[in-house]
Structure formats: structure tokens, C-alpha cells
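Single-letter residue listing:
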Amino acid sequence: ADTIYTAAADFTIAKADPVIGTVSVSTPATIFTSTDPEAVTLSWTNTAITGTLKLADGTQFTSGTKSYTWVFSPTDTANYNSVQGTIRLSVTANALQSIAVTTQPTKTAYQYGEAFDPAGMVVTATYADGSGKTVDNSKLTVRYAAGSGFNAGDTSVTLSYTEDGVTKTCAVTGLTVS
């Protein structure tokens, strides 16, 4: 006669943790401290598992090379869990590159010994990532050709601006001094 054996086992059906392979940065080519983490596009090598891969919410870049957390959210949420890991990124400081007078000051005619008046003037700072911002005129240092005011014949004044230890200069030209 046939013998029938019965076995009992407990098991749990659970979602799998997807193995997405190697994570790398697709864009941008250079990540600056000012780069929005949402603008960083990550890719993975095991594309058989579809989903969304991005840097973790709250990511803030600091200059240098360090590890940042990524999160993978699978398209198939019925069978796969979200997973996270880290990626080493090299982040470049968004350093001051230059300053320029983008709107001339209202006053361009001066008397001997008079001080420069920046009213109406706009100076724009440009950074490594190509962005720009208006510099507060009170943060500019004025340098005259000689002394502490205009001399007869002066036609310009030099402005300097320092941010995070980087100093850049530009000139205001087209001035007259009598």
C-alpha cells in the first residue's frame, strides 16, 4: 500500500528588496554646492527593475568628496520594497568668479577730493555654476587711483568684493573729476 506523508510548514510571502546594480550620476557633469539635489539624475545598471532613483530628501551638498544617500522606489510596489544606498560624489564649491558693474551709478561727475557715490549702481557677482546675484553696495570696497577721494583727471574707481575668502575687483569707468 502507498504511504501518504503530510508535512506542515509556515512561510511568509514578502516583497523582495530589488538589486539595482551600480548607481552613477548621469547629469550634471559638475555638481556644485548650489546644485539642487532634484536636478541630479542618477542611473542604475540593473534596468530590468524599473522605478525612480534619486538622492534622498533633505540632501544638502558640501564641497569635497563624500557619500550621499540615494533612494530607489520601484514601479512594481506590489512585489518590491523601496531600497536605499550611498553614492560617493565630488562636489565643487560655488565660488565667486567675478564681479561687474551692470548698471552705472547715477552720479558720474565729481569734484576734487569728493568720495564716490554708488547710488543707482548695480554690481553683479558671478559664481562658478554660472549663476549671478546683485551685490549689496555697502559690501563693496572703493579704491581710488591715489588717496581717499577723487583727484583731478580721474576717470574711474576700482571696486572690490570679498565672499568666503575670495576677492574680485571691477572698475567703474566714464567718471569725470574737476
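Remember, predicted model here, so these are calculated numbers, not experimental data.

S.K.: Just checking my understanding: could you explain the pairing of strand S6 (residues 83–92) for this structure?
M.R.: Put simply, side chains in a regular strand alternate between the two faces of the sheet. Because side chains alternate across S6, one face comprises the buried residues Val83, Gly85, Ile87, Leu89 and Val91, and the other comprises Gln84, Thr86, Arg88, Ser90 and Thr92, none of which is buried. When strand S5 (residues 64–74) meets S6, the two strands line up antiparallel, connected through nine bridges. If you follow Thr65 over to S6, its bridge partner there is Ser90.

S.K.: Please explain the sheet that holds strand S11 (residues 141–143) as it appears in this structure.
M.R.: Picture the strands of a sheet paired through backbone hydrogen bonds; they go either parallel or antiparallel. An order of S11-S12-S13 is seen for the three strands of this open sheet, with the pairing classed as antiparallel. Both outer strands of the open sheet, S11 and strand S13 (166–173), are each paired with one neighbouring strand and no more. Taking the axes of each pair of neighbouring strands and ignoring which way they run, one obtains an average angle of 30° across the sheet. The sheet contact formed by strand S12 (residues 156–163) and S13 spans eight bridges and is antiparallel. From the neighbouring strand, Val157 faces S13, where its bridge partner is Val172.

S.K.: Honestly, the nonpolar core in this entry has me stumped. Any pointers?
M.R.: Generally speaking, nonpolar side chains in soluble globular proteins are found buried as a group. Ile99, Phe116, Leu140, Phe150, Leu159 and Tyr161 are the most contacted members of the largest nonpolar core, which totals 19 residues. For this core, the secondary structure elements donating two or more residues are strand S7 (96–103), strand S9 (122–127), S12 and S13. Residues within four places of Leu140 in sequence aside, it is in contact with Ile99, Met121, Val123, Val135, Leu159, Ser160 and Tyr161. With 17 residues, the next largest nonpolar core counts Leu42, Ile49, Phe61 and Ile87 among its residues.

The rules behind the values
- Residues numbered from 1 in each chain as written.
- Predicted model: local features only at pLDDT ≥ 70, side-chain atom pairs only at ≥ 80, totals over all residues.
- Heavy atoms only, no water.
- Buried < 20%, exposed > 50% of the residue type's maximum accessible area, 1.4 Å probe, protein only.
- Helix = DSSP H or I, 4+ residues; strand = E, 2+ residues; numbered from the N terminus.
- Pairing = 2+ DSSP bridges.
- Axes fitted to C-alpha atoms, helices over the stretch in contact; angles between N-to-C directions.
- Core = buried A, V, L, I, M, F, W, Y, C linked by side-chain atoms within 4.5 Å.
- Contact = heavy atoms within 4.5 Å.

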